[in-house]
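Residues per chain, in single letters:
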Amino acid sequence: MAVWIQAQQLQGDALHQMQSLYGQHFPIEVRHYLSQWIEGQLWDSIDLENPQEEFKAKRMLDSLIQELQNKAEHQMGEDGFLLRIKLGHYATQLKSTYDRCPLELVRCIKHILYTEQRLVREATNSNSPGGGMLDSMSQKYQQINQAFEELRVMTQDTENDLRKLQHNQEYFIIQYQESLRIQAQLSSLSTLPPADRLLREPALQSKRATVEAWLTREANTLQKYRLDLAEKHQKTLQLLRKQQTIILDDELIQWKRRQQLAGNGGPPEGGLDVLQSWCEKLAEMIWQNRQQIRRAEHLRQQLPIPGPIEELLTELNSTITDIISALVTSTFIIEKQPPQVLKTQTKFAATVRLLVGGKLNVHMNPPQVKATIISEQQAKALLKNENTRNDSSGEILNNNCVMEYHQTTGTLSAHFRNMSLKRIKRSDRRGAESVTEEKFTILFESQFSVGGNELVFQVKTLSLPVVVIVHGSQDNNATATVLWDNAFAEPGRVPFIVPDKVLWPQLCEALNMKYKAEVQSNRGLSEENLVFLAQKAFSSSSINPEDYRNMTMSWSQFNRESLPGRNFTFWQWFDGVMELMKKHLKPHWNDGAILGFVNKQQAQDMLMSKPNGTFLLRFSDSEIGGITIAWVAENPNKPGERMVWNLMPYTTKDFSIRSLADRISDLNHLLFLYPDRPKDEVFSKYYTPPLSKAVDGYVKPQIKQVVPEFTTASPDPSGGNPTYMDHAASPSVSHPHNYGIYPPMSDSMLDGDGEFDLEDTMDVARHVEELLRRPMETQWSGQQS
């Protein structure tokens, strides 16, 4: 069901929230009449932080205005005339508002759609048949909203009490002035004759006694009112602090944790709109209570009455200041993290945001944010409030940015779009630690005031750990450091402590998350895949997953020590697999065509039970980022005996020349993808279409893969060029022709393990390609004559 149809069915506070999304910046009538068009556009495909996307946003704006004008022209009936004028006016208004800043229109509509979807989702959950069976998230949201309602009632109650206290105190002061006037009259009686004095004094004395008795009684009442109000404020502040703890120490910390896991390929951390709305409600409640406490303090100063109220008000002032300070400093956050593997002399971006900026009117005097790169040790000292003397560990260009307020979304943020790390200063490394294990962080800091300079805040926030590299070859190891930190960092840790070893299932979870994200696939690592990885990691032969449940893997085993008999680490091998899949083999993995995580012995056991020509694809054990084809065929040296052959591993370099599907198509002796799928059924949709005919006297070269031991030249039935047949005899017993364009092949390309070296084969292909590049008239002049 369309979101707009559901949004119109909202009720109560949800309906009010939905209606508040609209106004001059985006009229609700536009949403209504263009609902289907608006919901059909790919708003999320536009990156708001990339200025180059402005062209796409402009096209969206133009399309929206065109749709609106079309809708206006087709309005008929009694009300059509007025509606036509209204929609035309909105088209002009939107063009005027967003023509110079089309990205703001996209930001506005994305905010509206996201909020509507959330409101509809929450309403659907709360109205579901199992009303008492709300999911935990909805229950949590309900509890937070109930606490806000309780705080609203308490704040309104103290506001009423404060007004009553103010009214009573004003009346008390009037009566006190009356007592002073009576006292002055009594004092003036001494100037009167004795008879007059005796006549008037008793009445004045009686009146004075009455007023003074009332003042004494009312002073006690005022004192009680003040104490009662202070106690109510104490309870309000306790609930405020509790609510703030839930939002900042639970919800915001969880959001930051999701943001960190998103750096490893986890699901997106989600928008900040809900968190911002909560933080703004907190700010509003805190500020109202702070103003009430200040008014109570002012009333006390106007009419000092001896008692404990002065001390209580001082304590309340201190508490409320602490609460708002914690709120402001904790809601200065990094919405978009800088890249965690940061290359020097390379442009990068980041976005910081103050969740309560709009509510506290910070944008009235927009603060400036500064970015600095600091080391792990400097970050530790900073969090201990030690004097770091403004030290930095490098120089960032374009590291100052003013916070901007976006009226449509109510967000206050600073977008650093063109930062660049000019240089880095490294510390002395410990032991075996390499430069790609050294962690830095980007420190963002700012200063601003609220309430007419009543409170001045210095805010700071640290980015996720950053590893600085100077060359692309370091990216692999730097990514390992970041992966380990993101996966296993504890909330509230000392920067940037991580465990030295973790349980194997924990690491599997991190690897699976990273793999799915890099390959962009819903097909993750199966239990069999993870057993294969465990065998590789622990040099084990066990195929039982339970044997690895309680095993731990250290950082050294992960990416410091090479695998037995290899010159690369476990992570380097795994990262090579991801790189290969991401660049060239993603569709085949998604199709289930690549088993991948299978060793040579397992491949042999699997294939020997299958017909000749059955093959599978597995990752190379001996080469980073390599994949090989294993297939079962006759042993040319022992007639009647079968064996499994392994092709020399392909790498990214090979697939940039010819794709996997085309290579498999070239090899006619490969018939069935394990277990029994005809290869064309699996791969034909990825084959490169045949080359077109010669143009302008030139023929296009074509590269074909050949494994000489499994091919022979034979006439094409159609009378065309020679083809290679999969049923050819073994090279040890056959005698293929030596064509002049091929270099002689004196030695077999088989190695001792039944693997082939494709280098010679590729030399042949390149030789053919070179010949075919020559002009036809030169190459074939002898035949033409």
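Worth saying up front: this structure is predicted, and the values here are computed from it rather than measured. (Residues numbered from 1 in each chain as written. Predicted model: local features only at pLDDT ≥ 70, side-chain atom pairs only at ≥ 80, totals over all residues. Heavy atoms only, no water.)

Focus: the overall build of the protein
Rule in force here: Counting from the N terminus, the helices are the DSSP runs of H or I reaching at least four residues and the strands are the DSSP runs of E reaching at least two. The buried label goes to any residue with under 20% of its type's maximum accessible area, the exposed label to any with over 50%, and the partly exposed label to all in between, with areas taken from a 1.4 Å probe on protein chains only. Note on definitions: a residue-residue contact is assigned when non-hydrogen atoms from the two residues lie within 4.5 Å.
When its secondary structure is counted, the protein shows 24 helices and 21 strands. By the burial criterion, 44% of the 785 residues in the protein qualify as buried. When contacts within the protein are restricted to residue pairs at least 6 apart in sequence, long-range pairs at least 24 apart make up 68% of them.

Examining empty space enclosed by the protein
This is how the line gets drawn: Cavity means a closed set of points on a 1 Å grid over the protein atoms alone, one where a 1.4 Å probe fits but cannot get out, pocket means an open set with protein on both sides within 12 Å along at least 5 of 7 lines, and lining means a residue has an atom within 4 Å of a point. Grid points are joined across faces, edges and corners, and a volume is the space filled by probe spheres set on the points. Here the nonpolar group is Ala, Val, Leu, Ile, Met, Phe, Trp, Tyr, Cys and Pro; Asp, Glu, Lys and Arg are the charged ones; every other residue, Gly included, is treated as polar.
Counted by the stated rule, this structure contains 1 cavity of 30 Å³ or more. Here the largest cavity defines a volume of roughly 50 Å³. Around the largest cavity sit Leu 165, Arg 226, Leu 229, Ala 230, Ala 296, Arg 300, Ile 309 and Leu 313, which together line it. At the level of secondary structure, the elements contributing two or more residues to the lining of the largest cavity comprise α9 (194-262), α10 (273-302) and α11 (309-330). Residue contributions to the lining of the largest cavity peak at 3 residues, all from α9. In the lining of the largest cavity, the residues fall into 6 nonpolar, no polar and 2 charged.

Some points on the pairing of strand β8 (residues 411-424)
Regular strands show a simple pattern: their side chains alternate between the two faces of the sheet. Selection rule: In this analysis, strands are considered paired if DSSP registers two or more bridges between them.
Alignment of strand β3 (residues 347-354) against β8, held across 7 bridges, turns out to be antiparallel. Of the residues in β8, the one forming a bridge with Arg 353 is Ser 413. Direction of pairing for strand β5 (residues 394-397) relative to β8: antiparallel, over a ladder of 4 bridges. Each bridged residue has a counterpart across the sheet, and for Glu 395 the counterpart in β8 is Arg 423. Where strand β7 (residues 404-406) and β8 come together, 3 bridges link them in antiparallel fashion. Note on β8: the bridge partner recorded for Glu 404 is Ser 413.

Some points on the packing of helix α13 (residues 475-488) against helix α17 (residues 570-590)
Rules: For every element, the axis is a line fit to its C-alpha atoms; helices are fit only across the contacting stretch, and the angle between N-to-C directions ranges from 0 to 180 degrees. Should an angle fall under 35 degrees it is called roughly parallel, over 145 degrees roughly antiparallel, and 65 to 115 degrees roughly perpendicular, with every other angle called oblique.
Between α13 and α17, the least distance of the axes is 10 Å, while the angle of their chain directions is 105°. Judged by the inter-axis angle, α13 sits roughly perpendicular to α17. Along its contact with α13, which presents Asn 476, Asn 477, Thr 479, Ala 480 and Leu 483, the element α17 presents Trp 571, Gln 572 and Asp 575. Split by residue class, the contact of α13 with α17 holds 3 nonpolar, 4 polar and 1 charged.

Side note on the pattern of salt bridges
Under the convention used in this document: Take a side-chain nitrogen of Lys or Arg and a carboxyl oxygen of Asp or Glu: if they are within 4 Å of each other, that pair is a salt bridge.
Considering all chains together, one arrives at 39 salt bridges under this definition. Put simply, Lys 232 and Asp 157 hold a salt bridge, and the shortest N to O gap is 3.0 Å. Linking Lys 232 in helix α9 with Asp 157 in helix α8 (residues 136-188), this pair joins segments that are 75 residues apart in sequence. Between Arg 426 and Glu 438 there is a salt bridge, with the nearest N and O atoms lying 3.4 Å from each other. Of this pair, Arg 426 sits in the loop between β8 and β9 (440-450) while Glu 438 is found in the loop between β8 and β9, placing the two residues 12 residues apart along the sequence.

Focus on a nonpolar patch on the surface
Stated formally: Exposure above 30% relative accessible area and the absence of a salt bridge qualify a residue for a patch, where like charges join within 9 Å and nonpolar side chains (Val, Leu, Ile, Met, Phe, Trp, Tyr) within 5 Å. Surface exposure here means Shrake-Rupley accessible area, sampled with a 1.4 Å probe, where a residue is shielded only by the protein chains that are shown.
Together, Phe 81, Leu 82 and Ile 85 make up an exposed nonpolar region whose accessible area comes to about 330 Å². Relative to the helices and strands, Leu 82 resides in helix α6 (residues 80-98). With a relative accessible area of 60%, Leu 82 lands in the exposed category.

Topic: the sheet that holds strand β6 (residues 400-402)
Strands sit in the order β6-β4-β9-β10 across an open sheet of 4 strands; the sheet is antiparallel. Strands with a single pairing partner mark the edges of an open sheet, and in this sheet they are β6 and β10 (455-462). The mean angle between the axes of side-by-side strands here comes to 25°, regardless of whether they run parallel or antiparallel. Bridging between β9 and β10 involves 8 bridges; their strand directions are antiparallel.

Here's the deal with the packing of aromatic side chains
To be explicit about the condition: Stacked, tilted and edge-to-face pairs are distinguished by plane angle, under 30 degrees for stacked and over 60 for edge-to-face with tilted covering the rest, among Phe, Tyr and Trp rings (Trp via its six-membered ring) whose centres lie within 6.5 Å. Definition used: whenever NZ (Lys) or CZ (Arg) falls within 6 Å of the ring centre and also within 35 degrees of the ring normal, the charge is taken to sit over that ring.
Counted by the stated rule, this structure contains 29 aromatic pairs. A ring pair is formed by Tyr 515 and Trp 589, whose centres lie 5.2 Å apart and whose planes are at 70°; its orientation type is edge-to-face. On the criterion of sequence distance, the pair formed by Tyr 515 in helix α14 (residues 504-519) and Trp 589 in helix α17 is long-range, its members being 74 residues apart. The same class applies to Tyr 515 as to Trp 589, namely buried. The positively charged end of Arg 523 is found above the aromatic ring belonging to Trp 589, 3.6 Å away from the centroid. The ring of Trp 573 is capped by Lys 536, whose NZ or CZ atom sits 4.4 Å from the centre of that ring.

Let's talk about the side chain of Thr 436
Just so we agree on the cut-off: Think of a polar contact as two N or O atoms within 3.5 Å of one another; within protein, one of them needs to be a possible hydrogen donor and the other a possible acceptor, and neighboring residues in sequence only count if both atoms come from side chains.
Within the fold, Thr 436 resides in the loop between β8 and β9. A distance of 2.9 Å separates polar atoms of two side chains, one belonging to Thr 436 and the other to Ser 434. Those residues within four positions of Thr 436 in sequence are excluded, and the remaining contacts are Val 467, Ile 469, Gln 474, Asn 477, Ala 478 and Thr 481.

Description of the confidence of the model for the protein
What counts is decided by this rule: On a range of 0 to 100, pLDDT expresses the predictor's confidence in each residue.
The predicted model of the protein averages 83 in pLDDT, with 86% of residues at 70 or higher. Counting contacts from residues 774-785, a segment whose pLDDT is below 50, to residues more than four positions away or on other chains yields 9 contacts.

Some points on the packing of helix α15 (residues 527-538) against α17
The packing of two helices is summarised by the inter-axis angle and the distance between the axes. The test is simple: In this scheme the crossing of two helices becomes right-handed for a clockwise turn of the near helix relative to the far one and left-handed for an anticlockwise turn of less than a right angle.
Between α15 and α17, whose axes approach to 12 Å, the crossing angle comes to 150°. Regarding the angle of α15 to α17, the classification is roughly antiparallel. For the element pair α15 and α17, the recorded crossing hand is right-handed. In contact with Asn 529, Phe 532, Leu 533, Lys 536 and Ala 537 of α15, α17 contributes Phe 570, Trp 573, Phe 574 and Trp 589.

Quick look at the nonpolar core
The nonpolar side chains of a soluble globular protein tend to be buried, and buried together. To keep it simple, the criterion reads: Take the buried residues of types Ala, Val, Leu, Ile, Met, Phe, Trp, Tyr and Cys, join any two whose side-chain atoms come within 4.5 Å, and each joined set is a nonpolar core.
One finds Ile 247, Val 328, Leu 354, Phe 416 and Phe 444 to be the most contacted residues of the largest nonpolar core, which totals 80 residues. Residue contacts for Leu 354: discarding those within four places in its chain leaves Val 328, Thr 331, Phe 332, Val 362, Met 403, Leu 412 and Phe 448. The next biggest cluster of nonpolar side chains, apart from the first, holds 61 residues, and it includes Val 577, Met 578, Leu 580 and Val 707.

Topic: the environment of Ala 219
Within the element layout of this structure, Ala 219 appears in helix α9. When the C-alpha positions of Ala 219 and Ile 305 are compared, they lie 7.4 Å apart, and in sequence the two are 86 residues distant. Excluding anything up to four places from it in sequence, Ala 219 contacts Phe 172 and Ile 305.

Quick notes on the side chain of Ser 179
Summarising the element assignment, Ser 179 is placed in helix α8. Judged by relative accessible area, which is 10%, Ser 179 ranks as buried.

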